[in-house]
Amino acid sequence: MPLNERFLAGLASADLKPEEILESVYVPHSHAWEFVSAFRQAQCQQNALADVNAGMRVLLKEGTGTIEDLSISYGGAGAVMVSAQKSCQRLIGRPWDELMLEEACRLLLEEVSLPGWAPGGKVEFKRTLVVSFFFKFYLEVLQELKKLAKFMPDSHHYPEIPDGFLSALEDFPITGPQGVQRYQSVDSHQSLQDPVGRPIVHLSGLKHATGEAIFCDDIPTMDRELFMVLVTSTRAHAKIISIDSSEALELPGVVDVITAEDFPGTNGAEDDKLMAVDEVLCVGHIICAVVAETNVQAKSAIEKIKITYEDIEPVIFTINDAIKHNSFLCPEKKLEQGNIEEAFEKVDQIVEGEVHVGGQEHFYMETQRVLVIPKAEDKELDIYVSTQDPSHVQKTVSSTLSIPINRITCHVKRVGGGFGGKVGRPAVFGAIAAVGAIKTGRPIRLVLDREDDMLITGGRHPLFGKYKVGFMNNGRIKALDIECFINGGCMLDDSEQVTEFLILKLENAYKIHNLRFRGRACMTNLPSNTAFRGFGFPQGTLITESCITAVAAKCGLLPEKIREKNMYKTVDKTIYKQAFSPETLIRCWNECLDKSSFHSRRMQVEEFNKKNYWKKKGIAIVPMKFSVGFAATSYHQAAALVHIYTDGSVLVTHGGNELGQGIHTKMLQVASRELKIPMSSMHICETSTATVPNTIATAASIGSDVNGRAVQNACQILLKRLEPIIKKNPEGTWEDWIEAAFEQRISLSATGYFRGYKAFMDWEKGEGDPFPYYVYGAACSEIEIDCLTGAHKKIRTDIIMDAGCSLNPAIDIGQVEGSFIQGMGLYTTEELKYSPEGVLYSRGPDEYKIPTITDIPEEFNVSLLPSSQTPLTIYSSKGLGESGMFLGSSVFFAITDAVAAARRERDIAEDFTVKSPATPEWIRMACADRFTEMIPRDDLRTFKPWSIPIA
């Protein structure tokens, strides 16, 4: 069977029959004057299905360069492979020149047509790739013909390829990353036994790598255990008329169907129910749950549950629709300083613009999961759960079951990633599973598939921002007015706090005398969005930095000059009147300029761009002032429990949860320093609500800070008790002292406690001290884009981060690198796609692209600023969990820098709407050229079936 158009198009007649096997594939040798090439463009370089791919082959007549045979096929430009046979036929006999290229592009666009409603969307982009790929092929063949012409002096004269076009022929190579990590070594006078400040390896690192680390679903199956599967809404906004579970209950292995009527206590809060009762507010809203003997039986049963709906109007998905319908979750949040109206009247120039930032999925490696084990008496429950906040799970279960909190113990050994997605949501799953366990009297295991997890849980809030900035011609910004709207989804969740943090953090590193920041959280019929690493900062600060870029373009200055001119310079107060010193911020900025050789590389980028038309480089450097912590004192408290056993070994328990960020490793470093014994003598078993009660969520970058202070306190109490024994026998060993203490009936167990940092915010007055301290940093990134395809390559990134006196530089640099890469994903490849009915399409790694190893910059250097003293915190260390997210925007602004260079060269307006993520589609279409102009716009007016719920 020939591997021809019929076979490649996937026609049933060309398919293998069940009894047939593929024995061999014959690939013919190419002939002289025959050229073959393939092209591909996807959302990212590796591990992604192509948006469009193409195979092209041409056979030219020797000596004349006319086309004898031509075949062109495209994948991704239709439901099956498309062969442009008519176009190829009409081009036979044409010489391989510019006129043929123009004609070929016109013919291909006619034949390989994509209607506006084509599956997968991206119609304009895909049509542009159809001709962009052919242009690349045209250049490749010309280049090969030039080589042949050298050996055949009498051959046909072929068109010259301009030098600036040659780089279009080179694909971006796939390279492994390399880089340097710099940090300060510990003081020479520090005891060799003291691990604080040393790069101690993550204590579970090897177990993670080998698969020996035990996560929630690795707990062996319990006796009589049942599986639970959730039934979710297929409508975005509707009344529930009826739920018929009779057919499901008749299936083998099905034990029960749990509905809201089975809850002995409360069904969540009034505006945030655990299970839908009369009305569903989004696709993915939990309606009921099936409990069965096996996971397979439970999944089969959910197909048999019949739910009757009656749709309710309006259905709102986008921020624009929410604004139109006045659909908001909470009142507006506002901060203002100076006189904004007066300031706008006294400036040289004013620029207004919009910024769109898409949402982001948490995509933790371990999806949401819980195992609930009912005890035989007193309504006791053991709950093993993957959460950042076990106390919240405990309280929610208590309220749902109407039993005291003291009967419920939540256990967290470790969590396979959280990023904020396991702060509030696990309580919902824990409570529903607990109802099932109490009702059936059997253990319940609830484990979400990736697809269900992404459908149900929500993620980072998409943002739409409008700005108006007034500035002098020298680049000094005098007035800035920003209004933001975030898409909160269907319930309040954390949206009010995210709005507050967004507004509090909008100024970033800049001192602007006249400011007005306003923010609203929109209510839409999408799953409720929730906490996510950075908590509003990565979205909001993109607006501020986009203002800087816009001002630079209008002033004819470089963005880094505008940043420097407007940065905080001396001890000052923020917009909310909190005093701080920007000295460390300026050190990070200057160090980053220096370490990255920024100024010389800026000149090299400009030189490259002058010489290359279809490839452009961009470079950007961004500063960061990131506020750490919760804006409330009570959320900064922490407790710990430390036991010393008679053999001298120590068991440490604290209120923080191990999310992979190394908190347990750091806590043992603290305990080791305080007790002056090696870490090998210590152990942390798990976080449990039975050992440390009333814990606060491990979030807001302060887990190690506050729990470290609690562990320190417990160890100091124990050491004080041991003091008389140590004085009596100073030459004794630790084991001798502990044995003596036991004999003398000295308690070898202590509770440590930290009352927390003071933090408050008065929104009426618009002032307060909401944050204990700031983390400063700067990042420089250089990239290269392919203007024909929208692909980009990350060449180099340099990060300078202020970690104070790092508790563990190996872990802290890992946190900086990890959050930078996650931020880079937010700003470049991670794109949520919904159907017109509000169904999330991108529900797994096929459609949703987190960064892979090939997305890491080729050269990736991270330096921790030499130690700076922060007396407030444990050993002057700083929490680095979230801050690095925003530094990923240096890649985004390097991309926009490259796009702006392309647009300048093509005489197109340099200012364009800032939209994140900067996907290949956005990059390609922003680099407008002769090929994008060929795309007719009529078919684009029809409805596009894939959209991002931003604006």
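See the structure shown above.
First, a word on scope: everything that follows refers to the structure included in this document. (Residues numbered from 1 in each chain as written. Predicted model: local features only at pLDDT ≥ 70, side-chain atom pairs only at ≥ 80, totals over all residues. Heavy atoms only, no water.)

**Some points on the overall build of the protein chain**
Selection criterion: For helices the rule is a DSSP run of H or I covering at least 4 residues; for strands it is a run of E covering at least 2, with both sets numbered from the N terminus onward. Note that the radius of gyration is over C-alpha atoms, with the globule rule given as 2.2 Å times the number of residues to the power 0.38. Buried means the residue's accessible area, taken with a 1.4 Å probe over protein chains only, is under 20% of the maximum for its type, while exposed means over 50%, and partly exposed covers the values in between. Residues are treated as being in contact if the distance between any of their heavy atoms lies within 4.5 Å.
Scanning the protein chain from N- to C-terminus turns up 24 helices and 34 strands. Relative to the globule expectation of 30 Å for 951 residues, the C-alpha radius of gyration of the protein chain, 31 Å, shows essentially globular dimensions. Across its three principal directions, the C-alpha atoms of the protein chain cover 105 × 75 × 60 Å. Burial status across the protein chain gives 60% buried among its 951 residues. Taking as baseline every contact in the protein chain between residues at least 6 positions apart, the subset at least 24 positions apart corresponds to 79%.

**A word on the sheet that holds strand E9 (residues 279–280)**
Pairing between sheet strands relies on hydrogen bonds along the backbone, with the strands arranged either parallel or antiparallel. So the rule is basically this: Note on pairing: two strands pair once DSSP finds at least 2 bridges between them.
A sheet is described by the order of its strands in space; here three strands give the open sequence E9-E7-E11, paired in antiparallel fashion. Strands with a single pairing partner mark the edges of an open sheet, and in this sheet they are E9 and strand E11 (306–311). Strand direction decides the pairing type here: strand E7 (residues 238–244) and E11, joined by six bridges, are antiparallel. Note on E11: the bridge partner recorded for Asp244 is Lys306.

**Thoughts on the packing of helix H14 (residues 537–555) against helix H15 (residues 559–566)**
Our working definition: All axes are obtained by fitting lines to C-alpha atoms, using only the stretch in contact for helices, and the reported angles, taken between N-to-C directions, cover 0 to 180 degrees. A clockwise turn of the near helix away from the far one marks a right-handed crossing, whereas an anticlockwise turn of less than a right angle marks a left-handed crossing.
As a packed pair, H14 and H15 sit with axes 8 Å apart at the nearest point and diverge in direction by 115°. When you trace H14 past H15, the crossing you get is right-handed. Along its contact with H14, which presents Glu545, Ile548, Thr549, Val551 and Ala552, the element H15 presents Pro559, Ile562 and Arg563.

**A look at unusual backbone geometry**
Working note: non-glycine residues mostly have negative phi, and peptide bonds are mostly trans. With an omega of -10°, the peptide bond running from Glu313 to Pro314 counts as cis. Inspection of the secondary structure assignment puts Pro314 in the loop between E11 and helix H8 (319–324). Between Ser916 and the following residue, Pro917, the backbone shows a cis peptide bond with an omega angle of 10°. The residue Pro917 is located in the loop between strand E34 (914–916) and helix H24 (920–926) in this model. Not every positive phi belongs to a glycine, and Asn326 is a case in point at roughly 55°. The backbone of Asn694 sits at a positive phi, close to 55°, despite the residue not being glycine. As for its position among the elements, Asn694 is in the loop between strand E27 (687–688) and helix H19 (703–728). Under the relative-accessibility criterion, Asn694 is labelled exposed at 58%.

**What about a negative patch on the surface?**
Basically, it comes down to this: For patches, a residue must show more than 30% relative accessible area and have no salt bridge; joins then use 9 Å for like charges and 5 Å for nonpolar side chains, namely Val, Leu, Ile, Met, Phe, Trp and Tyr. Residue-level accessible areas treat just the shown protein chains as cover; the underlying method is Shrake-Rupley with a 1.4 Å probe. Salt bridge, as used here, is a side-chain nitrogen of Lys or Arg placed within 4 Å of a carboxyl oxygen of Asp or Glu. Positive charges come from Lys and Arg alone, negative charges from Asp and Glu alone, with His and the N- and C-terminal ends not counted. In plain terms, the charge of a residue is placed at NZ if it is Lys, CZ if Arg, CG if Asp and CD if Glu.
Together, Asp647, Glu735, Asp736, Glu739 and Glu743 line one region of the surface with negative charge. On the secondary structure map, Glu739 appears in helix H20 (residues 734–743).

**A short note on the nonpolar core**
For the record, the criterion: In these notes, a set of buried Ala, Val, Leu, Ile, Met, Phe, Trp, Tyr and Cys residues joined through side-chain atoms within 4.5 Å is what counts as a nonpolar core.
If you look at the biggest cluster of nonpolar residues, it comprises 197 residues, and the most contacted ones within it are Tyr74, Trp96 and Phe134. Looking at which element gives the most residues to this core, the answer is helix H4 (residues 123–151), with 14 residues. Sequence-distant contacts of Phe134, defined by excluding residues within four places in its chain, comprise Met56, Ile72, Tyr74, Trp96, Met100, Leu101, Ala104 and Leu108. Judged by nonpolar contacts, the second largest core, of 38 residues, contains Leu274, Ala289, Ala437 and Ile444.

**Looking at the packing of aromatic side chains**
Quick note on the threshold: Note on aromatic contacts: the rings of Phe and Tyr and the six-membered ring of Trp form a pair at centre separations within 6.5 Å, being stacked when their planes are under 30 degrees apart, edge-to-face when over 60 apart, and tilted otherwise. In this scheme, Lys NZ or Arg CZ marks a charge over a ring once it lies within 6 Å of the ring centre and within 35 degrees of the ring normal.
Following the criterion strictly, the structure yields 32 aromatic pairs and no others. Taken together, a centroid distance of 6.1 Å and an interplanar angle of 80° make the contact between Phe135 and Phe165 edge-to-face. Within this pair, whereas Phe135 is found in helix H4, its partner Phe165 is found in the loop between H4 and strand E5 (181–182), the two being separated by 30 residues in sequence. Across the pair, Phe165 and Phe135 agree in class, each one buried. Counting every residue linked through ring pairs, the aromatic cluster contains Phe39, Trp96, Phe133, Phe134, Phe135, Phe137, Tyr138, Phe165, Tyr613, Trp614 and Phe931. The ring of Trp763 has Lys333 sitting right over it, with the charged end atom 5.9 Å from the ring centre. For Arg460, the ring lying beneath its charged end belongs to Phe532, and the centroid distance is 4.2 Å.

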